[in-house]
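Coordinates in review
Here is how the chains run, residue by residue.
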Amino acid sequence: LAHATFIISSDGAHPDTWTAFFGAFPSRTITKGKPYLLPSGRLSSRPGKLNLWALESRAAVQSDRLEPHLRYLIERLSLPREGLLERIEQAGARMRFFCYWDNEKGDRVPYVSDATRQLIESVGAVIEIDEYR
């Protein structure tokens, strides 16, 4: 019912830049100008419009709450990390934690603690919650 994905996207910085920086293999990448793998496993019919590096929590965290998914990503990426904000600015990149939130019954509230929210904001990222009803 919940999971999160850390995403860095930019026009300039190749996805391998972030793999080397974080020392972690991504769940997904897109290289601008090249076909990429869709979530279905098929190859896209169009080239990527931007460079994208993404790390997902879905396979590693078994929880219906967002907080454990976000904490997993924060720990896996060792955030906050020295030099990250400068690299993001140099690359003209954007960082976000994209959260999937299943709320079919309409009775769930996506809670993120103040400490987690502040840490994410301190590294220059945003939290986006995509709620499905």
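First, a word on what this report is: a plain description of the structure on this page. Values in this document were obtained by computation on a predicted structure and should not be read as measured data.

**Thoughts on the packing of aromatic side chains**
Tallied over the full model, the rule gives seven aromatic pairs. Considering the side-chain rings of W18 and F21, the 6.4 Å spacing of their centres and the 85 degrees angle between planes classify their relative orientation as edge-to-face. One end of the pair, W18, and the other, F21, are both in helix α1 (residues 15-22), three residues apart, so they sit about a helical turn from each other. A network of ring pairs unites the aromatic residues F6, W18, F21, F22, W53 and F97 as a single cluster. We note R81 situated over the ring of F21; from NZ or CZ to the ring centre the distance is 5.3 Å. Just above the ring of W101 sits the side chain of R108; from NZ or CZ to the centre is 3.7 Å.

**Examining the packing of helix α2 (residues 66-76) against helix α4 (residues 114-122)**
Two numbers describe a pair of packed helices, the interaxial angle and the distance between the axes. The geometry of α2 relative to α4 is characterised by a closest axis approach of 11 Å and an angle of 40 degrees between their N-to-C directions. Considered as vectors, α2 and α4 are oriented oblique to each other. In the packing of α2 onto α4, the handedness of the crossing is left-handed. Across the interface between the two elements, E67, L70, R71 and I74 of α2 pack against T116, L119 and I120 of α4.

**A word on the environment of T5**
Position of T5 among the secondary structure elements: in strand β1 (residues 2-10). Among residues more than four places away in sequence, those in contact with T5 are A54, L55, E56, L73, R96, F97 and F98.

**Some words on the pattern of salt bridges**
As enumerated under the stated definition, the model contains four salt bridges in all. R94 is the partner of E128 in a salt bridge, and the nearest nitrogen-oxygen pair spans 2.5 Å. Of the two residues, E128 sits in strand β5 (residues 126-132) while R94 sits in strand β4 (residues 94-102), which places them 34 residues apart along the sequence. A relative accessible area of 23% means that E128 is categorised as partly exposed. Taking relative accessible area as the criterion, R94 reaches 43% and is therefore assigned partly exposed. Of the charged contacts in the structure, one is a salt bridge between E131 and R133, with a shortest N-O distance of 3.1 Å. For R133, a relative accessible area of 67% translates into the label exposed.

**Regarding α1**
Of the positions making up α1, those classed as buried are P15, W18, T19, F21 and F22. The buried residues of α1 occupy one face: seen down the axis, they fall within an arc of 165 degrees. More than 90 degrees from the buried face of α1, the exposed residues found are D16 and A20. Against β1, β2 (28-30), β3 (51-56) and α3 (84-91) lie the buried residues of α1. Once α1 finishes, G23 follows within two positions and takes phi at roughly 65 degrees, a positive value.

What counts as what
- Residues numbered from 1 in each chain as written.
- Predicted model: local features only at pLDDT ≥ 70, side-chain atom pairs only at ≥ 80, totals over all residues.
- Heavy atoms only, no water.
- Phe/Tyr/Trp six-rings, centres within 6.5 Å; stacked < 30°, edge-to-face > 60°.
- Helix = DSSP H or I, 4+ residues; strand = E, 2+ residues; numbered from the N terminus.
- Lys NZ or Arg CZ within 6 Å of the ring centre and 35° of its normal.
- Axes fitted to C-alpha atoms, helices over the stretch in contact; angles between N-to-C directions.
- Parallel < 35°, antiparallel > 145°, perpendicular 65-115°, else oblique.
- Left-handed = near helix turned anticlockwise from the far one by under 90°.
- Contact = heavy atoms within 4.5 Å.
- Salt bridge = Lys/Arg side-chain N within 4 Å of Asp/Glu carboxyl O.
- Buried < 20%, exposed > 50% of the residue type's maximum accessible area, 1.4 Å probe, protein only.
- Arc of directions from axis to C-beta.

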